[in-house]
Amino acid sequence: MKSINRYSILAIIGGGLLALMININSQLSLETSAMNASWIAHGLGSLLAFGLFYMTKETMDSSSPIHGSVPKLYYLGGLPGAFTVILASITVNSAIGLSGTLALGLIGQLACSILCEALGLFGLEKKKFNFIDLVPITFVVFGSILIISQRY
Amino acid sequence: MTLYILLALLNGVCIAISRIWNGQLASYYGAFKASYVNHIIGFIFLSMVMLLLLEPPQFSTSSNMFVYLGGFIGAFYVAINSLVMSRLGSTNTMILVITGQMGFGLLLDSSTNSSRELLIKVLGIMFIVIGVYLKQAIQHKQASLAS
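Rules used throughout
- Residues numbered from 1 in each chain as written.
- Chains lettered and ligands numbered in written order.
- Predicted model: local features only at pLDDT ≥ 70, side-chain atom pairs only at ≥ 80, totals over all residues.
- Heavy atoms only, no water.
- Helix = DSSP H or I, 4+ residues; strand = E, 2+ residues; numbered from the N terminus.
- Expected span 1.5 Å × (residues − 1).
- Buried < 20%, exposed > 50% of the residue type's maximum accessible area, 1.4 Å probe, protein only.
- Contact = heavy atoms within 4.5 Å.
- pLDDT = per-residue confidence, 0-100.
- Buried area = accessible area lost by both parts, 1.4 Å probe.
- Salt bridge = Lys/Arg side-chain N within 4 Å of Asp/Glu carboxyl O.
- Polar contact = N/O pair within 3.5 Å; in protein donor to acceptor, adjacent residues only side chain to side chain.
- Core = buried A, V, L, I, M, F, W, Y, C linked by side-chain atoms within 4.5 Å.

Along its 32 residues, helix α4 (residues 115-146) of chain B runs 46 Å from first to last C-alpha, staying within 8% of the 46 Å computed at 1.5 Å per residue. Among the residues making up α4 of chain B, those that are buried are Glu117, Ile120, Lys121, Gly124, Ile125, Ile128, Val129, Gly131, Val132, Lys135, Gln136 and Ile138 of chain B. Residues of α4 of chain B that are buried make contact with α5 (97-119) and α6 (134-149) of chain A together with α3 (69-108) of chain B.

All right, on to the confidence of the model for chain B then. Residues and elements named next belong to chain B. Considering every residue of chain B, the mean pLDDT works out to 87; 98% of them sit at 70 or more. Taken element by element, chain B is modelled with least confidence in α4, mean pLDDT 85, and with most confidence in helix α2 (residues 31-52), mean pLDDT 93. Both scores are available for the predicted complex, with the pTM at 0.87 and the ipTM at 0.87.

Counting from both sides, the interface comprises 97 residues of chain B and, opposite them, 107 residues of chain A. With both chains or domains summed, chain B and chain A bury close to 9,500 Å², and 77% of this area falls on carbon and sulfur atoms. Among the residues of chain B in contact with chain A, Met1, Trp21 and Tyr28 of chain B are the three that bury the most area, contributing 9% of the side total. Taken together, the connections running from chain B to chain A amount to 0 salt bridges. The tally of links from chain B across to chain A stands at 13 residue pairs in polar contact (both at pLDDT 80 or more). Looking at the side of chain B that touches chain A element by element, the count peaks at 25 residues for α3 of chain B.

Once that is clear, we can look at the pattern of salt bridges. Residue and element names in this part refer to chain B. Going through the model one piece at a time under the given rule, you end up with 2 salt bridges over all chains. Put simply, lysine 121 and aspartate 109 hold a salt bridge, and the shortest N to O gap is 3.7 Å. Remark: aspartate 109 occurs in the loop between α3 and α4 and lysine 121 occurs in helix α4; sequence separation between them is 12 residues. Judged by its relative accessible area of 6%, aspartate 109 is buried.

Looking now at the nonpolar core. Ile22, Leu104, Leu106 and Val140 of chain A together with Met102, Ile128 and Val132 of chain B are the most contacted members of the largest nonpolar core, which totals 40 residues. Among the elements of the structure, α1 (2-31), α4 (78-92), α5 and α6 of chain A together with α1 (2-29), α3 and α4 of chain B are those that each provide at least two residues to this core. Residues contacting valine 140 of chain A, with those up to four places away along its chain left out, are Ala103, Leu106, Ile107 and Leu110 of chain A together with Phe127, Ile128, Gly131 and Val132 of chain B. In this structure, Ala34, Ala37 and Trp39 of chain A together with Met50 of chain B belong to the second largest nonpolar core, which totals 13 residues.

All names here are of chain B. Locating threonine 93 in the fold gives a position in helix α3. Of the polar contacts made by the side chain of threonine 93, one reaches the backbone oxygen of glycine 89; its length is 2.6 Å. Once residues within four sequence positions are removed from consideration, threonine 93 is found in contact with Asn81, Val84, Met85 and Leu88.

Shown next as structure tokens:
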């Protein structure tokens, strides 16, 4: 139980770090440009990501991941990733602010993942669309409306 | 305002697609190699776009080095996420991460300027966290029914 609590706190801190990251990148975009901020963040992120990959190389090789050839498309996650930093930098510095950016981003994520699952896109297991799937997104939409309603 | 709302929704779509593709890559190569590929591909892509648009690289004008931390945090998060995920499972991890993200996001959000506004935003976050919880709960239920 104790260790579960410790990891729970770590997960919450992880989420907090993501919010901090978006805030910092949008600050950088004010001093440069949205595209420049994304470029710098990806460049510096590559360095640390390579370091982490290099350090965990041995342990990762022994755990057996799926073998076989990877569809080329899955290598391109960095493309939408590049747009993520650009778009967030624009919206955080707008009337929506950081909480609005995070909340609306969640709606987009949920809607997109429901769609991808319903169509069985990108190797995801095809799941028949069920109206109950709309319940969670309704909560998220309502919460987001509450957050951005304060900006009008 | 409407334009920004649309851009923020589009941002979520980009996050989802990036996570799905990267998650698939991680299932072949592990989280750290996938994260490295993700970052370097994004960097190469942006470098090419900037070359094409003749946009010169610019760096921070202030002496505050803090603004360069963003990229490192993104890569570091992958380590936290895979550690927590292995202990708590994806459902709990997702809910706790969103809670931390929305809560800390509200603290950092300098656009909040009255206690009434803060209260309504906290209420909004509670709805969002409940929504994320329901999404995970439904997914879990459907998975156990299917098996």
